[in-house]
Structures are given as structure tokens and as C-alpha cells.
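Structural description and commentary
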Amino acid sequence: GSGYLSVDKTSLSYNPDGATQKVTVTSNVEWTLATEGGSGWLTVTPNSGIGNGELTITASENTGSAMREATITVSANGLASQVIKVQQTGSGYLNVGTTSLLYNPDGATQKVTVTSNVDWTVATEGGSGWLTVTPSNGSKDGELTVTAIKNTGSATREATITVTANGLASQVIR
């Protein structure tokens, strides 16, 4: 008979607290596994087996703000390798107080609260010449000052402000 090798999950997600998850290996041959990128925070047992088996995959707490990623590859001689992608979200957060700002033609200054526990940066697209946003970066909680000058034309002006932090979902203000 021919050999076979499969796993019942090809991706695992962990929250920052960490946890243990199981992956079933279905096989009739000898297999080994290799982990890439999980050094210091991910443990996988056993690291080899013969026939059917179960992997125990434990992620420790992620106290950093950024997402951690690892790849577990289960291999058997002459068969297609089985790859399990592992992601663990960081404990960082980034939020803005509003995702929409509207100005009347006279222009004005508005404030946007940034709530975070990490470093963040601000990028503005489309506001050249009429919109100023300060500061351009910050750390932890902060506040953006967004000023639009008077609109003397008849057309509506639009810009996008994006607040980003490493490994976290960007926050967009239109």
C-alpha cells in the first residue's frame, strides 16, 4: 500500500494569553516535524511519530504588542509535507475616538483621541495644502489635532488619516 500523511488543521490562532491546542496527524508511516519561528514561545510535542498521532502545541503568553508567527512542518519521506501556520496576537491595542470628521466650508480644528499602549504613526493622504494633522507620531494615549483651512472652492475636499502601529490593525479617519 502507499503511504499517506495529513493533519486536521493547517492554521492555529492564539490570543495573547496563550493556550494549548491539539492537531491530529493521520498517517501510516514514520513522520517528523520542524518548527520555524516559534523559538522561546511555542512548544510542540512530540517531534516525531509513526502512524496516527496527536500534536500538542502550546503558545506562552505574548506580553509584546506585535503578532508572533511560526510554521510547523510535518514531513514523511516521499510524501507531501503538511504545513501548520501558527499566529498569536499581541497584547497591544490601538483605537481612535472617531473614524469620521466633517468640516464646514469655513474650516476648523477638531481633536481625535488615540487610545493605545504602543508607539504609533500618522499618515495623511489627500489633504495637501488644506489639512494639517499633528503630531505625526506618538506613544501610548494621545490626541490628534486636525485642522482644515477655509474651503473657497465649490468642490468637497476629502482626505484620509491613517494611524498605524506595528502588528496591529490600522485605524482610518476619513
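Residues numbered from 1 in each chain as written. Predicted model: local features only at pLDDT ≥ 70, side-chain atom pairs only at ≥ 80, totals over all residues. Heavy atoms only, no water.

Examining the overall build of the chain
- Within the chain, the regular secondary structure consists of zero helices and 17 strands.
- In terms of C-alpha radius of gyration, the chain reaches 24 Å, well past the compact-globule figure of 16 Å for 174 residues.
- Projected onto its principal axes, the C-alpha coordinates of the chain cover approximately 80 × 30 × 20 Å.
- Expressed as a percentage of its 174 residues, the buried residues of the chain come to 33%.
- Restricting to contacts in the chain with at least 6 residues of sequence separation, those with at least 24 account for 57%.
- Here the chain displays about 9,800 Å² of accessible surface, and carbon together with sulfur accounts for 47% of that area.
- Of note, the chain has its 9 positive side-chain charges centred 7 Å away from the centre of its 13 negative side-chain charges. (Helix = DSSP H or I, 4+ residues; strand = E, 2+ residues; numbered from the N terminus. Rg over C-alpha atoms; globule rule 2.2 N^0.38 Å. Buried < 20%, exposed > 50% of the residue type's maximum accessible area, 1.4 Å probe, protein only. Contact = heavy atoms within 4.5 Å. Areas by Shrake-Rupley, 256 points an atom, 1.4 Å probe, with all protein chains shown as cover. Lys, Arg positive; Asp, Glu negative; His and termini not counted. Charge placed at Lys NZ, Arg CZ, Asp CG, Glu CD.)

Description of the environment of Thr35
- Along the chain, Thr35 falls in strand β4 (residues 30-36).
- Along the backbone, Thr35 and Asn47 are 12 residues apart, and their C-alpha atoms lie at a distance of 9.1 Å.
- Residues in contact with Thr35, not counting those within four places in the same chain, are Leu42, Val44, Thr71 and Ile72.

Things to note about the sheet that holds strand β3 (residues 19-27)
- Taken in spatial order, the four strands line up as β1-β3-β7-β5 in an open sheet, and their pairing is antiparallel. The open sheet is flanked by β1 (5-7) and β5 (42-45), the only strands paired with a single partner. In this sheet, adjacent strand axes meet at a mean angle of 20° when their direction is disregarded.
- Inspection of the sheet shows β1 paired to β3 by three bridges, in the antiparallel sense. The partner of Leu5 across the bridge, within β3, is Ser27. (Pairing = 2+ DSSP bridges. Axes fitted to C-alpha atoms, helices over the stretch in contact; angles between N-to-C directions.)

With respect to the environment of Asn28
- With respect to the secondary-structure elements, Asn28 resides in the loop between β3 and β4.
- Leave out the neighbours within four places in its chain, and Asn28 touches Ser2, Gly3, Tyr4 and Gly51.
- In this structure the side chain of Asn28 is engaged in a polar contact, spanning 3.2 Å, whose partner is the backbone oxygen of Ser2.
- Within the structure, Asn28 has its side chain in polar contact with the backbone nitrogen of Tyr4 (distance 2.9 Å). (Polar contact = N/O pair within 3.5 Å; in protein donor to acceptor, adjacent residues only side chain to side chain.)

Comments concerning the pairing of strand β12 (residues 119-125)
- With three bridges connecting them, β12 and strand β14 (residues 137-139) associate as antiparallel partners. Residue Thr121 lies in a different strand from β14, and its bridge partner there is Asn137.
- Pairing between β12 and strand β16 (residues 160-164): five bridges, direction antiparallel. From the neighbouring strand, Thr124 faces β16, where its bridge partner is Ile161.

Some details on the pairing of strand β13 (residues 131-134)
- The two faces of β13 differ: Leu131 and Val133 on one face are buried, but Thr132 and Thr134 on the other face are not.
- Examined bridge by bridge, β13 and strand β15 (residues 142-148) share four bridges and lie antiparallel to one another. The residue of β15 that forms the bridge with Thr132 is Thr147.

Bear in mind that shape data such as this cannot, by itself, settle questions of function.
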